[in-house]
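The primary structure of each chain is shown beneath.
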Amino acid sequence: MREALVILPSSSITLPPNSSPTPPHHHRSATAKPKPKLKPKRKPIPSPSQLTSQSPLLSTLRWDSSSQSRHSLKYYAELASKLAQDGRFNDSLMIAESVVVSGVNAAEFAALLNAKIVSDGIVRLLEEGKLKSVVELLTGAQKLGIEPLKLFDGAAMNALSRECRRTMECGEIEEVVSLMETLKGCGMPIKDLVKPSEVIRLCISQRKPNTAVRYAHIFPHVDIMFCTVILEFGKKGDLASALTVFEASKQNQDTPNLYVYRTIIDVCGLCGDYLKSRSIYEGLIASKFTPNIYVFNSLMNVNACDLSYTLDIYKQMQKLGVPADLTSYNILLKSCCLATRVDLAKEIYGELKQLEIAGTLKLDVFTYSTLIKVFADAKMWQMALKIKRDMLSAGVIPNIVTWSSLISACANAGLVDQAIQLFEEMLQAGCEPNSQCYNILLHACVEACQYDRAFQLFRSWKEQALQKENCEDLGSNTDNTIDLSPTLMVSGSIPNCTSASPHGHFSKRIPFRPTTSTYNILMKACGSDYYRAKALMEEMKKVGLSPNHISWSILIDICGGSGNVEGALQILRSMREAGIQPDVVTFTTIIKVCVETKDFKSAFSLFAAMKRYQIKPNMVTYNTLLRARSRYGSLQEVQQCLAIYQDMRKAGYKPNDYYLKQLIEQWCEGVIQNGNQRKGYFSSRNRSGLEPESMILEKVAEHLQKDNANSVSINLRGLSKVEARIVVLAVLRMIREKYTAGDSIKDDVQIFLGVQEVGIRAVRQESVVKEAVIKLLQHDLGLDVISATSRIGNDRNQDGVNHLEKCSNMEEHAERGILRANMHSPTRRPAVLQKLRIPKESLQSWLTRRLDASIVQ
């Protein structure tokens with residue numbers, strides 16, 4: 001039989017065993033000196049992808065089952081194994097390819113390989129960080145029909161797992177997923193190499209939804225992986241990435257996966273976008289596919305804040321023939337609770353009782369707890385106690401949520417004794433209270449102004465906690481360890497260290513762990529005692545709790561309540577130094593302190609600081625500043641409040657501007673009389689002239705915000721008599737204050753009344769406004785007033801003088817604005833612009849008289 005000959009580029013072994021090195025006639029004599037062997041140069045080793053395109057070395061040979069061929073096959077298997085051990089995977093693959101192409105079964109050849117030494121080579125390269133070479137070995141072996149997993153033992157698998165984790169720790173998620181895809185294609189158990197949760201976590205943290213989709217497709221249970229990825233993105237608040245994964249999950253699916261739909265709807269709830277959950281549901285309905293009960297429940301739960309929509313979904317569910325379960329009814333009750341619909345909650349409860357009697361449903365603790373909370377929030381404590389009796393009659397045991405709601409129901413109604421009695425019943429029932437229960441009791445005492453009782457309860461809890469620790473230290477703590485967590489021990493009589501009292505009542509050790517909220521409630525109970533509140537904050541820090549925004553706000557309020565504005569501002573600085581940035585509550589609190597102490601400059605400075613820190617004021621902030629003054633003394637004060645008023649409207653709040661209008665009116669009337677004379681004159685005389693929805697404040701703000709007082713135009717078009725009066729007086733007062741400050745008068749004051757069509761009788765309202773303004777200026781203020789008109793389309797006045805050329809740019813803009821508003825009149829009749837003019841000489845004389853009068857006074 002003809003033997004197979006393999007020549008390796010980098011190996012000195014060129015012949016199989018038992019083969020003649022040369023033909024007989026080429027044998028050298030024994031005395032001939034052998035020539036030194038030259039190490040051949042290593043030729044470039046082709047990559048595994050190139051191996052299949054090269055001509056195999058043994059393509060013309062065939063293997064048979066003779067023992068000599070079997071022996072040669074073992075030789076090549078051993079040679080390939082040793083080359084792999086040396087890390088020469090390409091050479092090893094070339095031998096394997098030559099053997100397999102020559103007719104040897106790949107599985108037979110793989111069985112002859114020494115897996116131990118192949119694995120040693122794999123481990124060595126992995127330890128050197130040559131993961132790419134190992135991957136090339138796996139892909140090359142797979143192409144030859146050799147199962148890659150057979151080349152790995154336990155040590156090699158562990159080394160591969162370590163290298164995969166190291167790659168993942170580098171943060172290159174794209175590279176990690178590509179590696180997992182390759183290894184999965186080679187039949188490797190990727191779940192054992194890297195935990196899927198860790199790969200998903202990396203995709204989530206780097207916001208790579210498409211990479212997460214690729215990774216999910218590696219697994220056979222791809223839908224479950226999709227749900228996991230969607231939910232994890234939702235927990236991070238990344239709804240956009242979750243929706244990307246959701247859209248990818250719908251590809252190549254004939255029918256919708258309701259489990260995925262339910263998950264994305266839940267994620268919409270986590271991210272606070274309930275409107276998106278509705279569109280997803282509508283898309284499912286449009287596909288002519290009926291959702292199941294779980295999808296409906298998730299949709300109702302996410303939209304529980306909208307009772308009408310929740311009820312609509314419930315009705316749609318009934319129309320589609322999907323029967324409601326107990327969860328559906330519980331969500332409806334939750335929606336009623338959020339909407340404070342006690343009547344509807346009662347109706348649903350009655351329906352549930354009928355279903356329970358019929359044996360269709362069995363009410364659970366969540367149903368009763370939700371009902372109790374509905375009545376607790378509505379301060380209907382008697383109904384809450386009735387539901388508790390029904391609950392016990394049905395054999396349902398209350399949980400901590402139930403007891404907390406019951407205690408809260410009595411606390412909200414101011415029944416402190418009843419709340420404490422329920423707390424004791426909870427302990428006797430064996431239910432362990434949480435910190436919320438303690439805080440509810442303390443809050444009830446504070447709301448009822450029983451401050452001393454709140455501190456007594458708190459001190460007793462701390463003392464009983466200390467007794468428990470002492471008991472455990474002496475008795476049960478045999479390992480000399482002490483539980484330092486505060487604990488409350490409650491028994492039928494005086495707290496003791498025994499396991500049972502003489503009357504058979506077992507003592508109960510109830511954990512009492514005060515929270516930041518606990519200390520905040522106690523700080524409120526300090527009233528105006530700043531030092532006591534400060535001591536509580538220091539105690540909070542000693543027990544390992546950190547004061548929050550509420551803690552600092554309470555301290556600021558207490559300090560400022562005593563009139564110590566500087567101390568309140570120092571607390572604000574200390575708060576920032578502690579690493580806590582003030583929020584809207586903190587700023588509003590200290591602004592209120594400044595307003596109450598008449599420190600308006602600091603109040604408005606703090607408001608400006610809020611805007612710099614991009615903290616949005618709330619309704620309380622705006623109202624505190626708008627109601628800061630009982631009267632306005634300067635133009636700057638008026639401009640400040642008008643700017644806040646406009647900012648409030650832009651923020652979407654609807655201000656109650658009645659009080660502000662009164663102050664502006666009084667300030668404007670100050671042009672005519674002193675502030676102490678004829679007090680309330682304007683309000684009592686003209687209050688009926690202002691409509692509730694009047695935009696007079698906007699008009700006043702528009703005119704007072706003009707920087708140039710030397711060239712003034714007043715637009716009264718569309719205003720009533722009272723509104724026109726206020727605007728004119730506001731502008732005149734602005735001119736007077738700026739004149740007092742040193743600004744001179746350079747131009748006339750132009751007052752635009754409106755447009756009157758020629759040949760049409762003047763509108764009565766415009767005539768009334770004109771007469772009222774002339775009377776105000778001439779009789780009340782002693783100013784000269786000149787009435788003038790100009791035709792639309794003719795820039796020349798009656799004297800033939802081009803009036804627009806004489807006007808300043810501001811006046812020209814105002815005049816043309818009024819004309820432009822009437823250009824499109826459908827009547828097309830000629831029209832004239834009606835206006836009044838106050839000469840600058842008259843205005844100068846009036847200002848001089850006012851200034852002299854103020855000096856004399």
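Here the structure is shown first, and the text comes after it.
Residues numbered from 1 in each chain as written. Predicted model: local features only at pLDDT ≥ 70, side-chain atom pairs only at ≥ 80, totals over all residues. Heavy atoms only, no water.

Here we take up the side chain of threonine 367. Here threonine 367 shows up in helix H20 (residues 365–377). Residue threonine 367 is classed as buried on the basis of its relative accessible area, which comes to 0%. Within polar-contact distance, the side chain of threonine 367 engages the side chain of asparagine 330 at 2.5 Å. At 2.7 Å, the side chain of threonine 367 forms a polar contact with the side chain of aspartate 364. In contact with threonine 367, not counting residues within four places along its chain, are Leu326, Asn330, Leu333 and Leu352. (Helix = DSSP H or I, 4+ residues; strand = E, 2+ residues; numbered from the N terminus. Buried < 20%, exposed > 50% of the residue type's maximum accessible area, 1.4 Å probe, protein only. Polar contact = N/O pair within 3.5 Å; in protein donor to acceptor, adjacent residues only side chain to side chain. Contact = heavy atoms within 4.5 Å.)

Moving on, we get to the pattern of salt bridges. In total, this model carries 18 salt bridges according to the counting rule given. Here arginine 278 and aspartate 306 are joined by a salt bridge, their closest N and O atoms 3.0 Å apart. With arginine 278 in helix H15 (residues 274–286) and aspartate 306 in the loop between helix H16 (293–302) and helix H17 (307–319), this residue pair connects regions lying 28 residues apart in the sequence. The exposure class assigned to aspartate 306 is partly exposed, which follows from its relative accessible area of 24%. A cluster of three or more residues bridged by salt bridges with shared partners is formed by Glu174, Glu181 and Arg214. (Salt bridge = Lys/Arg side-chain N within 4 Å of Asp/Glu carboxyl O.)

Moving on, we come to the packing of helix H19 (residues 342–357) against H20. With their axes 10 Å apart at the nearest point, H19 and H20 run at an angle of 155 degrees to one another. Accordingly, the angle class assigned to the pair H19 and H20 is roughly antiparallel. Classified by chirality, the crossing of H20 by H19 is left-handed. Across from Val342, Ala345, Lys346, Tyr349, Leu352, Lys353 and Glu356 in H19, the residues of H20 making contact are Thr367, Tyr368, Leu371, Val374 and Phe375. (Axes fitted to C-alpha atoms, helices over the stretch in contact; angles between N-to-C directions. Parallel < 35°, antiparallel > 145°, perpendicular 65-115°, else oblique. Left-handed = near helix turned anticlockwise from the far one by under 90°.)

Across all of its chains, the model carries 10 aromatic pairs by this definition. On the basis of an interplanar angle of 75 degrees and a centroid distance of 5.1 Å, the ring pair of tyrosine 215 and phenylalanine 219 is categorised as edge-to-face. Assigned by exposure class, tyrosine 215 and phenylalanine 219 land together as buried. In this structure an aromatic cluster arises from ring pairing among Phe423, Tyr438 and Trp461. If you follow arginine 278 out to its NZ or CZ, it ends over the ring of tyrosine 309, 3.8 Å from the centre. (Phe/Tyr/Trp six-rings, centres within 6.5 Å; stacked < 30°, edge-to-face > 60°. Lys NZ or Arg CZ within 6 Å of the ring centre and 35° of its normal.)

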